[in-house]
Amino acid sequence: MDNGSTPFLTPNFMQNEREVSGFYSQIRDYWIALGSKGSAPPTMMLNFGYWPQGVEHLYEAQQSLVRRVVECIAPCPDGALGVEVGCGIGGISINVLQQLPHVRMTGVDISEDQLEIARANAQARGVQDRFHAQQGDSMALPLPSNAFDFGLCIESSFHYDNKPLFFSELFRALRPGSTAVVADITCSRVDGVQFRKGNYFESPATYHQLIRDTGFELVSSEDIGPVVYAPLYQHIQNFNAGQRNRDRIAKYWSLVLNNYRELASEGDMGYYIFTLKKPDAPALNN
């Protein structure tokens, strides 16, 4: 799927790759344990999940988020090709492939370490033939234009320091008439965020403006923040209380989610699911 460009050879890419790989290598085991439930196979997802009424565990919340994403991109024709930008260890893509056995996915991530795990996860779930992992910059996608039937970016765009480029690249990679789902943390009062290194939060209004400026049509915009931060924080507290040795990663996430929960209660932090459409190509005049 490489279009011949090699943005990952730039010094800026290499620095970003080291930072992202380093961060997720530190938090990955904790987050997987946080989302594990009994004998159920792990979700392989590192996101905050979607916590509607009745959901009490991160495992269920992450599954709920995937179902919500699939609802946004349905219906998908047989053979549809999707791209996930910022796929991490592949959890979203793999779960989408399991729910939609007739589609294929390309996952793009800046971290080759993450992609190696994603490939192994796809192999373990038997979807390796329908999953292609590609290292690349989310703001300079190494992908051909007008190639994908749907696009996903789930809880990743807050890492991107140039969101106009990200939206432009996502738009370029999608076929006319296709759907994209961008789900992420939003914040209207960034100075209230206590841990900001590597995070580039934007307000919902900024996301809406970026979507319009890029040329996407906004199909829907839903804030699920009120049913994300409070239950996730409580889940983390319960999980940490059951650990004999609360290490610095556990303490870090307790502080982070408490901060996010407080900002959300004040109306300053959300978690939006944006469903977008790339307009159909104009009809040719006879």
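Being a predicted model, the structure only gives us computed values, none of them experimental. (Residues numbered from 1 in each chain as written. Predicted model: local features only at pLDDT ≥ 70, side-chain atom pairs only at ≥ 80, totals over all residues. Heavy atoms only, no water.)

Peer 1: What exactly am I supposed to notice about the packing of aromatic side chains here?
Peer 2: Between two aromatic rings, the relevant description is the distance of the centres plus the angle of the planes. Considering all chains together, one arrives at 19 aromatic pairs under this definition. Geometrically, the ring pair formed by Trp31 and Phe48 is tilted, given 5.8 Å between the ring centres and 40 degrees between the ring planes. Of this pair, Trp31 sits in helix H1 (residues 11–34) while Phe48 is found in the loop between H1 and helix H2 (58–73), placing the two residues 17 residues apart along the sequence. Of the two residues examined, Trp31 and Phe48, each falls in the buried class. (Phe/Tyr/Trp six-rings, centres within 6.5 Å; stacked < 30°, edge-to-face > 60°. Helix = DSSP H or I, 4+ residues; strand = E, 2+ residues; numbered from the N terminus. Buried < 20%, exposed > 50% of the residue type's maximum accessible area, 1.4 Å probe, protein only.)

Peer 1: What's the story with unusual backbone geometry in this structure? I'm lost.
Peer 2: Glycine aside, residues mostly have negative phi angles, and peptide bonds mostly take the trans form. Of note, the amide linkage connecting Ala74 to Pro75 takes the cis form, showing an omega dihedral of -5 degrees. In this structure, Asn146 takes a positive phi of about 55 degrees despite not being glycine. Position of Asn146 among the secondary structure elements: in the loop between strand S3 (131–135) and strand S4 (148–154). You can call Asn146 partly exposed: its relative accessible area is 41%. Its identity as a non-glycine residue notwithstanding, Glu155 has a phi of 55 degrees, on the positive side. Along the chain, Glu155 turns up in the loop between S4 and helix H5 (163–173).

Peer 1: Any chance you could explain the nonpolar core here in plain terms?
Peer 2: Here is a general trend for soluble globular proteins: nonpolar side chains tend to be buried in one another's company. Counting 67 residues, the largest nonpolar core has Trp31, Phe48, Leu152, Trp253, Leu257, Tyr260 and Tyr271 as its most contacted members. When residues in this core are grouped by element, the largest group, 8 residues, is from H2. Phe148, Tyr160, Leu210 and Phe216 belong to the second-largest nonpolar core, a separate cluster that totals 25 residues. (Core = buried A, V, L, I, M, F, W, Y, C linked by side-chain atoms within 4.5 Å.)

Peer 1: What should I look at first to understand the pattern of salt bridges in this one?
Peer 2: Side-chain pairing between opposite charges can occur once the charged atoms of the two side chains come close. For the coordinates displayed, the defined rule picks out 10 salt bridges. Linking Glu71 and Arg68 is a salt bridge whose minimum nitrogen-to-oxygen distance equals 3.7 Å. Linking Glu71 with Arg68, this pair stays in helix H2, spanning 3 residues, or about one helical turn. For Arg189, the salt bridge goes to Asp191, with nearest N and O atoms at 4.0 Å. Take Arg189: its relative accessible area is 32%, and that puts it in the partly exposed class. Because the salt bridges share partners, they merge into one network encompassing Arg189, Asp191, Glu266 and Asp268. (Salt bridge = Lys/Arg side-chain N within 4 Å of Asp/Glu carboxyl O.)

Peer 1: Which parts of the structure should I look at to understand the sheet that holds strand S2 (residues 104–109)?
Peer 2: Across a sheet, strands are paired by hydrogen bonds formed along the backbone, either parallel or antiparallel in direction. As summarised here, the arrangement of the 7 strands in space is S3-S2-S1-S4-S5-S7-S6, forming an open sheet in which the pairing is mixed. Each of the sheet's edge strands pairs with one partner strand only, and the pair in question is S3 and strand S6 (217–223). When the angles between neighbouring strand axes are averaged without regard to direction, this sheet yields 15 degrees. In the packing of helix H3 (residues 91–99) onto the sheet, contacts are made with strand S1 (81–85), S2, S3 and S4, and the angle to S2 comes to roughly 175 degrees. (Pairing = 2+ DSSP bridges. Axes fitted to C-alpha atoms, helices over the stretch in contact; angles between N-to-C directions. Contact = heavy atoms within 4.5 Å.)

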